[in-house]
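One letter stands for each residue in the lines below.
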Amino acid sequence: MPDTPRKSYADLFRTPEFSPLFLSTSANIAAQTVSGLALGTLVFRATDSPLLSALSMFGPALAQVLGATLFLSGADRLPPRAALTGLSLAFAAATAALALPGLPVWAMLAIVLAEGLIASLGGGVRWGLLNEILTKDGYLAGRSLFNMMSGVMQITGYAAGGVLVTLLSPRLCLLLAAGLYGAAAGLALLLTRRPPRAAGRPSVTATWRANALLWSARPRRHVYLALWLPNGLAVGCESLYVSYDPRAAGTLFACAALGLLAGDVTVGRLLPARLRPRLGVPLLVLLAAPYLALFLRPPLPLTAVLVALASVGFGASLVQQERLVTLTPDELTGHALGLHSAGMLTAQGLAATLAGTVAQFTSPATAMTAMAVASLAVTLTLTVASRRDAGDGGLLPRRVPEAA
């Protein structure tokens, strides 16, 4: 397959509406980063529990499955500008509530689960709008740039958040995050008012119908499983950074974000289109393999290198998302990308819960090793199944029948 011309990053910023969407998303990610580290630290100090600390940081993802089941049809049936503005304002209010003095841990967990529920629409609205702004030929470059921005925001957010949590307090960091969410809402208002991409009201029935349609095709099932499971299990390792090394957690999160940034630049800009599908499986292996060494408790510099190397493997998701977009009708693009986002976050939340539970009864290092082994096993299983069905040796076949 010949390589096709790709949009440069400069071209993206010359595209109308790209900049306000990019800046609003940047503020959202910065807020999530700072608030997650602050809340995880606050809960761990109060409970000394790896499980509760992991749940406080990644628990909101567990609510994504409920949102994907009930509300995801709104991703294509709500005006994008109003939806993104409303979501950011809701997060600002919830994050400010988390900073209330004396708030019990159970109430914090209830709030973050509610945040996950209202966030279930966010991925579908945001990435559906991105695909609408750039069209399918520019989506990969745009999503690559968003992922790079996410890496930069996480590096900055975790580094700054680690310092602020130490020098100030977790609650002050939560208030800072609430302010960042408010800024994201203001930036979203700069978007052009657009009509919904699909007709009809959001409803549970419409959500179920679209989910069933998307899941009915074997090629999309393979892509969804490859997007959700190895990724989620690897994030289970990340959820234990605070309990693995409380004083260096911010450093480890920042190194992971640096690796994610490197992977996205490599896949999104440096690899020729003809090579990308062939690297899906190697990148998924890289996502988990370095965590096997953490069972030996290496010194911090080596741990940081291993964490960064593993996160390069997250670049596999760009390959898989590109395939998903090509397999999806235009009127369901937002829903399909929202289902990817919700399923991925749900898998991450479940893996964080499982990792925290294992760490509670063994140790964080043991739990990280178990999650890495599980991720590698899932990748192997998906690869074998994909080869058997498609016969071309990869998780993302180029030509497959659209039948279930």
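Residues numbered from 1 in each chain as written. Predicted model: local features only at pLDDT ≥ 70, side-chain atom pairs only at ≥ 80, totals over all residues. Heavy atoms only, no water.

Enquirer: Any chance you could break down the pattern of salt bridges for me, citing the residues and the numbers?
Expert: Where charged atoms of side chains with opposite charge meet at close range, the side chains can pair. The tally for this structure, following the rule as stated, stands at two salt bridges. The structure contains a network of salt bridges with shared partners spanning E17, E132 and R194. (Salt bridge = Lys/Arg side-chain N within 4 Å of Asp/Glu carboxyl O.)

Enquirer: I'd love a proper account of the packing of helix α14 (residues 249-270) against helix α16 (residues 300-312), names of residues and values included.
Expert: Between α14 and α16, whose axes approach to 7 Å, the crossing angle comes to 35 degrees. Taken as a pair, α14 and α16 cross one another with a handedness that is right-handed. On α16, the residues that touch L252, C255, A256, G259, L260, A262 and G263 of α14 are L300, T303, A304, V307, A308, S311 and V312. (Axes fitted to C-alpha atoms, helices over the stretch in contact; angles between N-to-C directions. Helix = DSSP H or I, 4+ residues; strand = E, 2+ residues; numbered from the N terminus. Left-handed = near helix turned anticlockwise from the far one by under 90°. Contact = heavy atoms within 4.5 Å.)

Enquirer: Give a detailed account of the packing of aromatic side chains, specifying residues and quantitative values.
Expert: Here the structure, examined in full by the defined rule, presents eleven aromatic pairs. Ring centres 5.9 Å apart and planes at 5 degrees place the aromatic pair W215 and W228 in the stacked group. Here W228 lies in helix α12 (residues 218-238) and W215 lies in helix α11 (residues 204-215), a separation of 13 residues in the sequence. The partly exposed category is assigned to W215, whose relative accessible area is 34%. A residue is classified by how much of its surface remains accessible, and W228, at 14% relative accessible area, is buried. (Phe/Tyr/Trp six-rings, centres within 6.5 Å; stacked < 30°, edge-to-face > 60°. Buried < 20%, exposed > 50% of the residue type's maximum accessible area, 1.4 Å probe, protein only.)

Enquirer: Account for α12, with residues named and values stated.
Expert: Taking 1.5 Å as the rise per residue, α12 with 21 residues should run 30 Å; its terminal C-alpha atoms sit 30 Å apart, in good agreement. If you look at α12, its biggest bend is around 25 degrees, right at G232. Most of α12 sits out of view: 17 of its 21 residues are buried. (Expected span 1.5 Å × (residues − 1). Bend = angle between axes of the 7 residues up to and from the residue.)

Enquirer: Give me the lowdown on the confidence of the model for the protein chain, citing residues and values where you can.
Expert: This prediction gives the protein chain a mean pLDDT of 82; 92% of its residues lie at or above 70. Ignoring residues within four places in sequence, the model shows residues 391-404, a span with pLDDT below 50, making 42 contacts including any to other chains. (pLDDT = per-residue confidence, 0-100.)

Enquirer: Outline the environment of A188, supporting the account with residue identities and numerical values.
Expert: Among the structural elements, A188 can be located in helix α10 (residues 170-188). Taking the C-alpha atoms as reference, A188 lies 30 Å from L168; in sequence the two are 20 residues apart. Beyond its immediate chain neighbours, meaning those up to four positions away, A188 contacts S24, R81, L84 and T85.

Enquirer: Before we move on, can you summarise the packing of helix α17 (residues 316-326) against helix α18 (residues 333-361) with the specific residues and values?
Expert: Across the interface, α17 lies against α18 with an axial gap of 10 Å and an inter-helix angle of 150 degrees. Like other packed secondary-structure pairs, α17 and α18 cross with a definite hand, here right-handed. Two secondary-structure elements touch here, α17 through Q321, L324 and V325 and α18 through A336, L337 and H340. Taken together, the residues of the contact of α17 with α18 break down into four nonpolar, two polar and no charged. (Nonpolar A, V, L, I, M, F, W, Y, C, P; charged D, E, K, R; others polar.)

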